[in-house]
Amino acid sequence: MLKNKILALLGAAMIACSAAAAESAEDAKVAEADSLSAWAKFEQRLNAPCNRVPQIHGVFRGRYEGEWEDGYESRFQVRNMRVLLKGYIVPEIDYYVRVDLSNKGSFTFLDAWARWYFKPEWAVKFGRFRVPFGVDIFRGPGTYIFANRSFLAKNMANLRAVGVQFSYVGKIIPLTVDVGMFNSATGTNQDVWQKEFDFAGKASYRLGEFTLSGSFLSMYPYGVRLNVADGSVAWRRDRLLLEAEYQHLHYCTNAYRDVNAAVAFASYDVPVRWYPFNVLNFHGRWDYMGNHSTGKPDDNGVLLTDDPERQRMTFGASVRCNVKKVKAEFILDFEKYFYRHGVSAPRGLGDKICAEVVVSF
């Protein structure tokens, strides 16, 4: 009964908010993501005065979630408290450091890298960072559209590694290409001498309102090589964003059956004047992942299923306060899971409601 009441309240709130937003949308400015090309952003940086004072930014995510799998259970979390420091030595050389002071209560070292644009269109980056693979996975806690990440972004190839990356940013053709080579050992164990490395490459092309992306990742996490291919298409017009992404994971030596994963979502922003909020967002998503193994064998050398096959539908809304580069947002999502007959939902992966407050600065 509690579940039905919450869903009814959520639906009523979304209808009411939509009607109120329509009244104020006529003379409000649209809050949307920066649409500049990668080259235009780089030119802005080169032409701007070089400020060598480091910048400090952060993201806080506080969460409440409730699940109905075994009765109704709920919890509060500080899901993230990320802090980053970045800056320039000269416009062509920059650096970046990021840590998560609270990742569900634990400290996590995330990124540390330096990058040199040795030509306007060419750059090399060295350090620890997310490998160039995928699209949805590159959204961070301050830019999530949904409270929870897609299966594709969280489970399939969620990889940060230590290595080197070369990048190309086209000026005439809106093409961005990144390729890299990385340690196969974990980023917290950098004393290991390597015989096997991870490799990744990604290309993104912008065609009017469409952005097309293709990626390939070959990783060797636990003695079995995993190859993952990714394709994505996104369409943005004014306040509407539609995006779909597909991944195919192959285990070499047929150590486990291939895995398919996909996500498709829609996000629509409505400008409002509900002080202090100026953007109302509605979003919906479908995502899927087949039976999946992380590649870590058991004591007999056999790969087991770490994540059972499942689908999910997510519906929600949020209100945001966007002030230049500072943002506060409240997100409310409902997630409905679907499993094969006879498969029980693992704890934490059942029908749930998520409420979050996000502050990025």
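What you see is a predicted model; the values in this text were computed from it and never measured.

(A) Inspection of the overall build of the protein at higher detail. Per the secondary structure count, the protein includes three helices and 16 strands. Here the protein holds 361 residues, and 44% of them are scored as buried. Considering only intrachain contacts with a sequence separation of at least 6, the fraction spanning at least 24 residues in the protein is 55%. Here the protein displays about 19100 Å² of accessible surface, and carbon together with sulfur accounts for 60% of that area.

(B) Layout of a nonpolar patch on the surface. Judged by side-chain polarity, Ile89, Ile93, Trp116, Phe118, Trp122, Phe166 and Val179 come together as a nonpolar surface patch covering roughly 640 Å² of accessible area. Looking at the secondary structure, you find tryptophan 116 in strand β4 (residues 106-119). Residue tryptophan 116 is classed as partly exposed on the basis of its relative accessible area, which comes to 45%.

(C) The pattern of salt bridges, seen in detail. One pass over the full model with this rule turns up 21 salt bridges. Aspartate 94 is the partner of arginine 115 in a salt bridge, and the nearest nitrogen-oxygen pair spans 2.7 Å. Here aspartate 94 lies in strand β3 (residues 93-103) and arginine 115 lies in strand β4, a separation of 21 residues in the sequence. The closest approach of N and O atoms between glutamate 243 and arginine 139, which form a salt bridge, is 2.9 Å. Here glutamate 243, found in strand β11 (residues 240-251), pairs with arginine 139, found in the loop between β5 (122-130) and α3 (151-156); they are 104 residues apart in sequence, far enough to count as distant. No difference in accessibility class separates glutamate 243 from arginine 139, as the two residues are buried. Counted as one network, the salt bridges with shared partners bring together Arg61, Arg63, Glu65, Arg75 and Glu356.

(D) Representation of the side chain of glutamate 65 in the model. Mapped onto the elements, glutamate 65 comes out in strand β1 (residues 55-67). Sequence-distant contacts of glutamate 65, defined by excluding residues within four places in its chain, comprise Glu73, Ser74, Arg75, Gln77, Asn148, Lys352, Ile353 and Cys354.

(E) Region of the structure containing the pairing of strand β12 (residues 259-274). Judged from the ten bridges that link them, β11 and β12 form a sheet pairing that is antiparallel. Bridging from a neighbouring strand, glutamine 247 pairs with alanine 261 of β12. Inspection of the sheet shows β12 paired to strand β13 (residues 277-289) by twelve bridges, in the antiparallel sense. In the sheet register, alanine 262 faces β13, and the bridge partner there is tyrosine 288.

(F) Region of interest: the packing of aromatic side chains. Here the structure, examined in full by the defined rule, presents 13 aromatic pairs. Here the aromatic cluster, defined as three or more aromatic residues joined through ring pairs, consists of Trp68, Tyr72 and Phe334. Over the aromatic face of phenylalanine 338 sits the side chain of lysine 336, whose NZ or CZ is 6.0 Å from the ring centroid.

(G) Quick peek at unusual backbone geometry. In the segment running from tyrosine 275 into proline 276, the intervening peptide bond is cis, with an omega of 10 degrees. Following the sequence through the fold, proline 276 ends up in the loop between β12 and β13. A positive phi angle, near 60 degrees, is found at threonine 253, a position not held by glycine. Here threonine 253 falls in the exposed class, since its relative accessible area comes to 73%. The residue lysine 324 is not glycine, and still its phi comes out positive at about 55 degrees.

(H) Layout of the pairing of strand β8 (residues 197-207). With nine bridges joining them, strand β7 (residues 175-183) and β8 adopt antiparallel strand pairing. Pairing of leucine 175 across the sheet is with tyrosine 205, part of β8. Both β8 and strand β9 (residues 210-219) contribute to a ladder of nine bridges, which runs antiparallel. Each residue of the ladder has a partner; that of alanine 203, found in β9, is glycine 214.

(I) Region of interest: the environment of serine 215. Positionally, serine 215 belongs in strand β9. The sequence separation of serine 215 and alanine 203 amounts to twelve residues, and the corresponding C-alpha distance is 6.5 Å. Those residues in contact with serine 215 that lie beyond four places of it in its chain are Phe133, Gly134, Gly201, Lys202, Val228, Ala229 and Asp230. Side-chain polar atoms of serine 215 contact the backbone nitrogen of glycine 134, separated by 3.1 Å.

(J) Quick look at the nonpolar core. Val131, Leu217, Met219, Leu249, Tyr251 and Val259 are the most contacted members of the largest nonpolar core, which has 29 residues in total. Mapped by element, the contributors of at least two residues to this core are α3, β9, β10 (226-237), β11 and β12. In this structure, leucine 217 is in contact with Val131, Phe133, Ala157, Leu159, Phe199, Ala200, Leu226, Asn227 and Val228, ignoring residues within four places of it in sequence. Val270, Val272, Leu280 and Ala317 belong to the second largest nonpolar core, which has six residues in total.

(K) Structural detail: the confidence of the model for the protein. When pLDDT is averaged along the protein, the result is 87; 87% of the residues meet or exceed 70. Taken element by element, the protein is modelled with least confidence in helix α1 (residues 2-24), mean pLDDT 40, and with most confidence in β11, mean pLDDT 98. When the criterion is pLDDT under 50, residues 5-35 qualifies, and its contacts beyond four places in sequence or with other chains add up to 38 contacts.

What counts, and at which threshold
Per chain, residue numbering runs from 1 following the sequence as it is written. Thresholds applied to this predicted model are a pLDDT of at least 70 for local features of residues and 80 or more for the giving and counting of side-chain atom pairs; totals over whole chains, interfaces and linings are not thresholded and use all residues. Side-chain numbers come from the whole structure's heavy atoms, not from hydrogens or water. Helix numbering and strand numbering both begin at the N terminus, where a helix is a DSSP run of H or I of at least 4 residues and a strand a DSSP run of E of at least 2. Partly exposed describes any residue whose relative accessible area lies between the buried limit of under 20% and the exposed limit of over 50%, with all areas from a 1.4 Å probe on protein chains only and scaled to the type maximum. In this description, contact between two residues means that some pair of their heavy atoms is separated by no more than 4.5 Å. Note that accessible areas follow from Shrake-Rupley with a 1.4 Å probe, and for residues the cover is restricted to the protein chains shown. Candidates for patches are residues over 30% relative accessible area with no salt bridge; among them, like charges are joined within 9 Å and nonpolar side chains (Val, Leu, Ile, Met, Phe, Trp, Tyr) within 5 Å. Take a side-chain nitrogen of Lys or Arg and a carboxyl oxygen of Asp or Glu: if they are within 4 Å of each other, that pair is a salt bridge. For two strands to be treated as a pair, DSSP must find at least two bridges joining them. A pair of Phe, Tyr and Trp rings is counted when the ring centres sit within 6.5 Å of each other, with Trp represented by its six-membered ring. The angle between the planes then sorts it: under 30 degrees is stacked, over 60 is edge-to-face, the rest tilted. Geometrically, a charge over a ring is one whose NZ (Lys) or CZ (Arg) sits within 6 Å of the ring centre while staying within 35 degrees of the ring normal. Contacts described as polar in this section are N or O atom pairs within 3.5 Å, which, within protein, must combine one atom able to donate a hydrogen with one able to accept it, while residues neighboring in sequence count only if both atoms come from side chains. Residues enter a nonpolar core if they are buried and are Ala, Val, Leu, Ile, Met, Phe, Trp, Tyr or Cys, with the set joined through side-chain atoms within 4.5 Å. Note on scores: pLDDT gives the predictor's confidence for each residue, bounded by 0 and 100.

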